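# Results of the structural survey
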Amino acid sequence: GHLAASCATLFRNDSERPDFALLCYAVLTLGEGTHKGTAENFLGEDKHDPVAQAKWSPVNNVNRTCPPTFLWTTDTDVAVPPLLNTYAMFEACKREGIDVEMISFDHGHHGLGIPKNDPKIASWTDTCRLWLKKRNFID
């Protein structure tokens, strides 16, 4: 998720810009209180440096040229806190005028994917499919 969001926010020119971003319970900030493993793996020795954390947090790099973005999360994800990540990214996209849609489910752990035993959460794929169709990314 962090890599996909970085691609959607840190591209240097139009040829690098993805057509859309699909971010599922993604790590979108490397600051205090979020997923420590991503910060450690991505920032290495700078994992506690607030300047590096801010610089490499996709939520801080959203600008008006970013692609349309689809987000989903669960409110009970303790690994990647939704308020610091998905909700913050949604707000950043809204501020910059990015076409954004977000789904948040009231239950579920991190890394669910498409759970066969939970049709409510599995429905995110149908919502995403409609979102992609509406924007002519798929037929």
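Up top you'll find the structure we're talking about.
Residues numbered from 1 in each chain as written. Predicted model: local features only at pLDDT ≥ 70, side-chain atom pairs only at ≥ 80, totals over all residues. Heavy atoms only, no water.

## With respect to the pattern of salt bridges
Summed over all chains, the structure comprises four salt bridges. A salt bridge links K120 to D106, with the nearest nitrogen and oxygen atoms 3.5 Å apart. Taken as a pair, K120 in helix α5 (residues 119–122) and D106 in the loop between β3 (100–105) and α5 lie far apart in primary sequence, 14 residues in all. Given a relative accessible area of 44%, K120 falls into the partly exposed group. Taking the relative accessible area as the measure of exposure, D106 reaches 48% and is therefore partly exposed. (Salt bridge = Lys/Arg side-chain N within 4 Å of Asp/Glu carboxyl O. Helix = DSSP H or I, 4+ residues; strand = E, 2+ residues; numbered from the N terminus. Buried < 20%, exposed > 50% of the residue type's maximum accessible area, 1.4 Å probe, protein only.)

## Some points on the environment of K134
Here K134 is to be found in helix α6 (residues 124–134). Exposure remark for K134: the relative accessible area of 66% places this residue in the exposed category. Spatially, the C-alpha atom of K134 lies 41 Å from that of D49, the residues being 85 residues apart in sequence.

## A short note on helix α1 (residues 2–9)
All buried positions along α1 are accounted for by H2, A5, S6, A8 and T9. Here the buried residues of α1 occupy an arc of 165° about the axis, which is enough to place them on one side. Buried positions along α1 lie against β1 (21–24), α2 (36–43) and α4 (86–96). (Arc of directions from axis to C-beta. Contact = heavy atoms within 4.5 Å.)

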